[in-house]
Amino acid sequence: MEASSPFTFAIIGLIVGFIIGLVCYRLFSKGARDAASLKQTLLEREHQIAELKKGMSSHLTSIQQRLENIRHEADQLEQQVENEATQWKLSSVKPSSSTTTSDTENDSNVAMPRDYAAGKNGTLSEDFGLKESHQPTEGTAAQPPRY
């Protein structure tokens, strides 16, 4: 075969055409553009997430520092109150504990509302208000009727 034969030119033309076609397909195809744009979007989002993590880290660190400062100031104030109490020879001043204990004590002292029926049957029972189960004694004060 000669180098200038038409068969050689045809093979070279097919190879060059195939390469040009492949390059054009990659550049101009919609799927390739979509894949490239999705890749770009993914990279942008990953960058944004990294920035958010960095920002949240610094934000949480500053909150932790503020909490430590508040605790330190509260300790200083408690110490100052104790010092002034001893200076004025007052009884020892203790910081007030949480109010949850007083709330539970108040809840246990709350009586049943007067418009509720005594017992298991409740206000919807048929015999509600018809029976007198106990008579008031002289030592106890009479309870007003439930309405």
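A quick note: this is a predicted structure, and the numbers were derived from the prediction, not measured.

### Concerning the side chain of Ser 29
And then number 1: With respect to the secondary-structure elements, Ser 29 resides in the loop between α1 (6–28) and α2 (30–87).
And then number 2: Given the relative accessible area of 13%, Ser 29 is considered buried.
And then number 3: A polar side-chain atom of Ser 29 sits 2.9 Å from the main-chain carbonyl oxygen of Tyr 25.

### Brief notes about the UniProt feature "transmembrane region" (unreviewed entry) in the protein chain
And then number 1: In the numbering used here, UniProt assigns the feature "transmembrane region" (unreviewed entry) to residues 6–28.
And then number 2: Helix and strand shares over residues 6–28 are 100% and 0% respectively, and the end C-alpha atoms of the span are 32 Å apart.

### Here's the deal with unusual backbone geometry
And then number 1: Its identity is not glycine, yet Lys 89 carries a phi of approximately 55 degrees, on the positive side.
And then number 2: Given the relative accessible area of 75%, Lys 89 is considered exposed.

### Focus: the environment of Thr 61
And then number 1: Along the polypeptide, Thr 61 turns up in helix α2.
And then number 2: Among the polar contacts listed, one links the side chain of Thr 61 to the backbone oxygen of Ser 57, at a separation of 2.7 Å.

Calculation rules
Residues numbered from 1 in each chain as written. Predicted model: local features only at pLDDT ≥ 70, side-chain atom pairs only at ≥ 80, totals over all residues. Heavy atoms only, no water. Helix = DSSP H or I, 4+ residues; strand = E, 2+ residues; numbered from the N terminus. Buried < 20%, exposed > 50% of the residue type's maximum accessible area, 1.4 Å probe, protein only. Polar contact = N/O pair within 3.5 Å; in protein donor to acceptor, adjacent residues only side chain to side chain. UniProt positions renumbered as here; feature names shortened; annotations may be inferred.

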